[in-house]
Amino acid sequence: MEKSEIKPYNALSNYLKEKYGTKIYKLSLNGNMTCPNRDGKIGTKGCIFCGEQGSGDFTANKNLSITKQIEEAKKKVSKKIKNGKYIAYFQAFTNTYAPIDYLKKIFTEAINHPDIAILSIATRPDCLPENVIELLDDLNKIKPVWIEIGLQTIHEQTAEFIRRGYSLPVFDKALKELTKRNIQVIAHVIIGLPYETEQMIYETIDYLSMTSISGIKLHLLHVLKNTDLAVLWEKKLFNTLTKEKYIDILIGCIERLPKEVVIHRITGDGAPKLLLAPDWSRYKWSLLNDIHSEMKARGSFQGRLFNINKKCRNKR
């Protein structure tokens, strides 16, 4: 698929281009934080799929100041963008899990950088106390603030199995408080979690479709080395999805989402040195081309099933 081709869904790249008139690149930063699911507050092992970097395998050097991290990250994409704008993305682990004074310092440093257009923060809904939400509200008045929350699934049985560490109402409450302050929320969903059926995945999407989320990231489940998920996979206690099945389910998810929800991601990146399965996911551009080709062949588009599902749910 040509990069200039309009996608049959509300892709982040198109959304940013329309809003800002240019491409905006994401710079992955490291706030040097941990997670309550690792430091003993909730647990010590993290989620079963979480690697040593806590999804921050591509982030900057945590020992550098935020400004220096931004400048170093800009150099890495300098061939792709000149005199452009960027998203400051705090990615590794739980990025509101620190004293409020420290959070204010690093987030203010990032958002006030002249080249930063958006501040994006990956966190957990149980790590958003009132004083943190007030800080985010203040920052959102300077430049847009996005909060990314790793929901993964609405199903409590799966949430317990993957050791997520919080219940669905905690997510709902955080979403309500953030939305009330006009802070955009991007929910993360993993497709292919052990023992989840296709219908269960669609139930998660249908649930989110009726909420106030602004965006969504649809991730493929990756099995990474040195995780508890890898142990289960090596023991053949579950199977990862085939490429064909992933594409089929993914399209079903996209069709269930309302058109206004921005889709930030339709797959994911597993660090090549750590990736165990599925092996076909190493070839990201091939996968994206296959997804777009299949959507075109089906005449598929975002929102195709949303109104139908909405009417069915309203009749219950």
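Residues numbered from 1 in each chain as written. Predicted model: local features only at pLDDT ≥ 70, side-chain atom pairs only at ≥ 80, totals over all residues. Heavy atoms only, no water.

Draft legend 1. Region of the structure containing helix H10 (residues 284-298). When the terminal C-alpha atoms of H10 are compared, their 21 Å separation across 15 residues agrees well with the 21 Å that a helix rising 1.5 Å per residue should span. Within H10 the residues assigned to the buried category are Leu 287, Leu 288, Ile 291, His 292 and Met 295. The arc enclosing the buried residues of H10, seen along the axis, measures out at 130°, which places them on a common side. Of the exposed residues in H10, those oriented more than 90 degrees away from the buried face are Trp 285, Lys 296 and Ala 297. Just downstream of H10 lies Gly 299, where phi reads positive at about 70°. (Helix = DSSP H or I, 4+ residues; strand = E, 2+ residues; numbered from the N terminus. Expected span 1.5 Å × (residues − 1). Buried < 20%, exposed > 50% of the residue type's maximum accessible area, 1.4 Å probe, protein only. Arc of directions from axis to C-beta.)

Draft legend 2. Fine view of unusual backbone geometry. Backbone torsion omega between Ala 277 and Pro 278 reads -10°, so that peptide bond is classified as cis. As for its placement among the helices and strands, Pro 278 is situated in the loop between strand S9 (275-277) and H10. One non-glycine residue, Tyr 195, adopts positive backbone phi at about 75°. As for its position among the elements, Tyr 195 is in the loop between strand S5 (184-191) and helix H7 (198-209). Backbone geometry places Asn 226, a non-glycine residue, at a positive phi of 65°. Relative to the assigned elements, Asn 226 resides in the loop between strand S7 (223-224) and helix H8 (228-234).

Draft legend 3. Region of the structure containing the environment of Leu 287. Relative to the helices and strands, Leu 287 resides in helix H10. According to the relative accessible area criterion, Leu 287 is buried, its value standing at 1%. Excluding residues that lie within four positions of it along the chain, Leu 287 makes contacts with Lys 243, Ile 247, Thr 267 and Trp 280. (Contact = heavy atoms within 4.5 Å.)

Draft legend 4. Examining the packing of aromatic side chains more closely. Evaluated as defined, the whole model comprises three aromatic pairs. Considering the side-chain rings of Phe 90 and Phe 107, the 5.1 Å spacing of their centres and the 75° angle between planes classify their relative orientation as edge-to-face. Taken together, the residues span a long stretch of sequence, with Phe 90 in strand S2 (residues 85-90) and Phe 107 in helix H3 (residues 100-111) at a distance of 17 residues. A single burial state applies to Phe 90 and to Phe 107, both of which are buried. When the ring of Tyr 246 is compared with that of Trp 280, the centres are 6.0 Å apart and the planes differ by 45°; the resulting orientation is tilted. Linking Tyr 246 in helix H9 (residues 243-256) with Trp 280 in the loop between S9 and H10, this pair joins segments that are 34 residues apart in sequence. Judged by relative accessible area, which is 18%, Trp 280 ranks as buried. It is Arg 256 that lies over the ring of Tyr 202; its NZ or CZ is 3.8 Å from the centre. (Phe/Tyr/Trp six-rings, centres within 6.5 Å; stacked < 30°, edge-to-face > 60°. Lys NZ or Arg CZ within 6 Å of the ring centre and 35° of its normal.)

Draft legend 5. Structural context of the packing of H7 against H9. For the pair H7 and H9, interaxial distance at closest approach is 9 Å and the crossing angle is 25°. Judged by the inter-axis angle, H7 sits roughly parallel to H9. As H7 runs across H9, the sense of the crossing is right-handed. From H7, Glu 198, Ile 201, Tyr 202, Ile 205, Asp 206 and Ser 209 reach across to H9, where they touch Lys 245, Asp 248, Ile 249, Gly 252, Cys 253 and Arg 256. Partitioned by chemical class, the residues of the contact of H7 with H9 number five nonpolar, two polar and five charged. (Axes fitted to C-alpha atoms, helices over the stretch in contact; angles between N-to-C directions. Parallel < 35°, antiparallel > 145°, perpendicular 65-115°, else oblique. Left-handed = near helix turned anticlockwise from the far one by under 90°. Nonpolar A, V, L, I, M, F, W, Y, C, P; charged D, E, K, R; others polar.)

Draft legend 6. Main features of the sheet that holds strand S1 (residues 24-29). Ordered by their spatial adjacency, seven strands build an open sheet running S1-S2-S3-S4-S5-S6-S8, and the pairing between neighbours is parallel. Because the sheet does not close on itself, it has two edges, and the strands there are S1 and strand S8 (262-265). Sheet twist, expressed as the average angle between the axes of neighbouring strands with direction ignored, equals 25°. For S2 and strand S3 (residues 116-123), the ladder comprises five bridges, and the chain directions are parallel. Following the sheet pairing, Phe 90 is matched in S3 by Ile 121. Those strands touched by helix H6 (residues 168-180) are strand S4 (145-152) and S5, and its axis lies near 165° from that of S4. (Pairing = 2+ DSSP bridges.)

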